[in-house]
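Analysis of the macromolecular model
If you want the building blocks of each chain, they are given just below.
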Amino acid sequence: PQTYLLKLDEPSTVRVFRSNRDEGLVRARAAARNQKSETARAQNKVIGDLPPDADVIYRTHSVLAGLGVEAGSSDMSQLEDIPGVSAVYPVVPKHPENAYAVPFQSAPAAWQATGFLGQGKTIAVIDTGVDYTHSDFGGPGTETAFENAQADENQPADPLLFPNSKVTGGVDLVGDGYDPDPDSDTYQPVPHPDPNPLDCGGHGSHVAGSAAGYGVNGDGTTYTGAYDNSTDFGAMRIGPGMAPEADIYAIKVFGCDGSTNVVTEAIDRAVDPNDDGDPSDHVDVINLSLGSDYGSVQDGDSVASNAAAQMGVTVVAAAGNAGDHTDVSGSPGDASRVLSVASGVDAASIEDGAE
């Protein structure tokens, strides 16, 4: 099986929103919501013409009008011939990646010089989810809180825990059992979405903490500042993130094991978090600490990343986590409008436990 992104002839809801913006916000929102309905009708027509062995795994409307489809590896030409389809992009499975440290990036000096800590900004972390019960994100920071949240994984989260002051929203697009790798012992390619983006595996929480965690004191409580040159990282159990006052929007695209094929769906949701066709609630930054080594710029997830960037969302993607090799940045880090962030470690860093 191969995952493809089918781009349709219909304009995206964001494009329609922006083309009507000069006529006022009310008009722009109404036009975008109407376009969402038009896109759904176009998608249904395309679905009716799919090859018999094809399965739809997601729909998109905000960054582009499209369909994520799993079909046979020989079906690409047939997909391209479907009326209403303007382009077909293969999607290579993505794997989690992360490698950077806040003090190394001189964050305290930047905080001191600018006073900017991410206030008023929202970062969509597209990853394994986020542990909103953790004290790094303002949660109680207890095993009991996490276990209780985990027990309700397929249900809406406890409103006392999520959303909270840091993890202000999110969604699980796949479920814990999702794993689209056909060679995996845990192969289960069908997404089972739910409203609870609790982390499974820890990678998403690591990433979210690096980006915008409050920090954790030596006694396990949430660090509350100051964020400047006086910040004592050595006394803390977990240091604060680069933008400790930014909000996190958690979008879970990985199950507890394996890779993912739904990154484009997550990008689409980040541009329209409540999925109503109106993109005025879009996030400011999309963080993609994931990728596929040596990926093509024609990868569907790279195409979607560029589309989101064109609409004013800053998209940051991992690059170079497979090693110091030519052209290793991979997709979606190879997208032309994406901020591709490479990692570099030396022997001292490895000995210190850096990733």
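Note: the structure precedes this text.
A few points on the structure. (Residues numbered from 1 in each chain as written. Predicted model: local features only at pLDDT ≥ 70, side-chain atom pairs only at ≥ 80, totals over all residues. Heavy atoms only, no water.)

1. As for the pattern of salt bridges
Tallied over the full model, the rule gives 10 salt bridges. As a salt-bridge pair, Lys-252 and Asp-176 come within 2.2 Å of each other at their nearest N and O atoms. Here the residue Lys-252 occupies a position in strand β10 (residues 247-252), and Asp-176 occupies one in the loop between β7 (167-172) and α6 (203-212), the gap between them amounting to 76 residues. Several salt bridges share partner residues, and in doing so they unite Arg-29, Arg-33, Asp-276 and Asp-278 into one network. (Salt bridge = Lys/Arg side-chain N within 4 Å of Asp/Glu carboxyl O. Helix = DSSP H or I, 4+ residues; strand = E, 2+ residues; numbered from the N terminus.)

2. Regarding helix α8 (residues 300-310)
Burial within α8 is extensive, with nine of its 11 residues counted as buried. At its buried positions, α8 is contacted by β1 (2-8), β4 (85-91), α7 (263-271), β11 (285-288) and β13 (314-319). With a side-chain oxygen positioned 2.8 Å from the backbone nitrogen of Asp-301, the residue opening α8 is Asp-299. Gly-312 occupies a position one or two residues after α8 and carries a positive phi of about 100 degrees. (Buried < 20%, exposed > 50% of the residue type's maximum accessible area, 1.4 Å probe, protein only. Contact = heavy atoms within 4.5 Å. Polar contact = N/O pair within 3.5 Å; in protein donor to acceptor, adjacent residues only side chain to side chain.)

3. Section: the sheet that holds strand β6 (residues 122-127)
Overall, parallel pairing links the six strands, which are arranged β7-β10-β6-β11-β13-β14 in an open sheet. The sheet is open, and its two borders are formed by β7 and β14 (339-342), each paired with just one other strand. Within this sheet the neighbouring strands show an average axis-to-axis angle of 20 degrees, counted without direction. Alignment of β6 against β11, held across three bridges, turns out to be parallel. Bridge assignment links Ala-124 to a residue of β11, and that residue is Ile-286. Running over the sheet, α6 touches β6, β10 and β11 and is turned about 155 degrees from β6. (Pairing = 2+ DSSP bridges. Axes fitted to C-alpha atoms, helices over the stretch in contact; angles between N-to-C directions.)

4. Regarding the packing of aromatic side chains
Evaluation of the coordinates by the stated rule reveals four aromatic pairs. Through pairs of rings, three or more aromatic residues link up here, namely Trp-111, Tyr-223, Tyr-227 and Phe-233. (Phe/Tyr/Trp six-rings, centres within 6.5 Å; stacked < 30°, edge-to-face > 60°.)

5. A word on the environment of Ala-54
Within the element layout of this structure, Ala-54 appears in the loop between α2 (25-48) and β2 (55-60). On the basis of relative accessible area, Ala-54 is assigned to the buried category, the value being 13%. Note: C-alpha distance between Ala-54 and Asp-75 (21 residues apart in sequence) is 8.7 Å. Apart from residues lying up to four places away in sequence, Ala-54 is in contact with Val-69, Glu-70 and Ala-71.

6. Considering the side chain of Asp-272
Here Asp-272 is to be found in the loop between α7 and β11. Ignoring any residue separated from it by four or fewer positions in sequence, one finds Asp-272 in contact with His-61, Ser-62, Gly-277, Asp-278 and Asp-281.

7. Considerations on the side chain of Thr-39
Its location among the elements puts Thr-39 in helix α2. Among all residues touching Thr-39, those that are not within four sequence positions of it are Glu-10, Pro-11, Thr-60, His-61 and Ala-65.

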